[in-house]
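Listed below, chain by chain, are the residues.
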Amino acid sequence: IIESLPQKLNEYFRSIIYAPSIVVATATDDKAEDVAMINNLLRSEFDILGNVVFDQHKGPKRVPPGKTLATCILQEKASRRLLHETDQKIAKLVLRELDAVFPKFSNKMIFQKIYRWEHGALQLPPGQLAKRDTVRGFLENGWQNIYFAGESFPISSLEASFNTGIKAANQIITKSVY
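This is a predicted model, so every value here is computed, not measured.

K.L.:
Tell me about the sheet that holds strand E5 (residues 109-123), residues and numbers included.
P.N.:
A sheet is described by the order of its strands in space; here five strands give the open sequence E2-E3-E4-E1-E5, paired in antiparallel fashion. In the strand order of this sheet, the two ends are held by strand E2 (38-40) and E5, each with one partner. Strand-to-strand twist across the sheet, computed as the mean angle between neighbouring axes with direction ignored, equals 20 degrees. Sheet topology note: the strand E1 (residues 17-28)/strand E4 (residues 68-74) ladder contains six bridges and is antiparallel. Bridged to Val 23 within E4 is Ile 73. Each of E1, strand E3 (49-54), E4 and E5 is contacted by helix H3 (residues 87-101), which is oriented at about 100 degrees to E5, the strand it contacts most.

Written out as structure tokens, the structure reads:
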């Protein structure tokens, strides 16, 4: 498919880069108090953690009362370095940094679940955002009956995947009705 696309669109798609991504879900038998939903950590001060999301802020049904679920998103460089390491090594490194930010966080650990994606983190090369409008022109109405779902160029997320899937379906339905 990509060979038959217009040159600008072809170049744009080929320039999209994905890096490894690791996320660690960490549950404790204690409610974390006074924490923000999304905690962005400084890359200059931490080697492993990039963001820590406390899921209880997403709604009361996300985490049982008195418990904590922290979704730990590793930095790109840590994900690249640790992608093929053992779960135990990753867990140990994540807990050490979690305890540095949230003292004694690991004392009441229930479980940790480690998720790895070899191509899970979208990387934006220089100029990628500026090229987005050109690409949008091709994608808005479908190019020769090709519709794109699952990616919003260059935003990578479940919400973007969901929304682009709905949009592609609506484009197909609208085109087939008329």
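K.L.:
Quick one: what's the story with the pairing of E4, residue by residue and with numbers?
P.N.:
With six of seven residues buried, E4 is to be regarded as a mostly interior element. Pairing geometry for E3 and E4, over five bridges, is antiparallel. For Val 53, the partnering residue across the bridge sits in E4 and is Thr 71.

K.L.:
Quick one: what's the story with the nonpolar core, residue by residue and with numbers?
P.N.:
Ranked by internal contacts, the top residues of the largest apolar core, which has 25 residues, are Val 52, Leu 74, Val 94 and Leu 98. Going through the elements one at a time, E1, E3, E4, helix H2 (76-82) and H3 are the ones with two or more residues in this core. Here this core takes six residues from H3, the largest share from any one element. Beyond its immediate chain neighbours, meaning those up to four positions away, Val 94 contacts Val 24, Ile 48, Leu 49, Cys 72, Leu 74 and Gln 112. Leu 9, Leu 122, Val 135 and Ile 146 belong to the second-largest nonpolar core, a separate cluster that totals eight residues.

Analysis parameters
- Residues numbered from 1 in each chain as written.
- Predicted model: local features only at pLDDT ≥ 70, side-chain atom pairs only at ≥ 80, totals over all residues.
- Heavy atoms only, no water.
- Pairing = 2+ DSSP bridges.
- Helix = DSSP H or I, 4+ residues; strand = E, 2+ residues; numbered from the N terminus.
- Axes fitted to C-alpha atoms, helices over the stretch in contact; angles between N-to-C directions.
- Contact = heavy atoms within 4.5 Å.
- Buried < 20%, exposed > 50% of the residue type's maximum accessible area, 1.4 Å probe, protein only.
- Core = buried A, V, L, I, M, F, W, Y, C linked by side-chain atoms within 4.5 Å.

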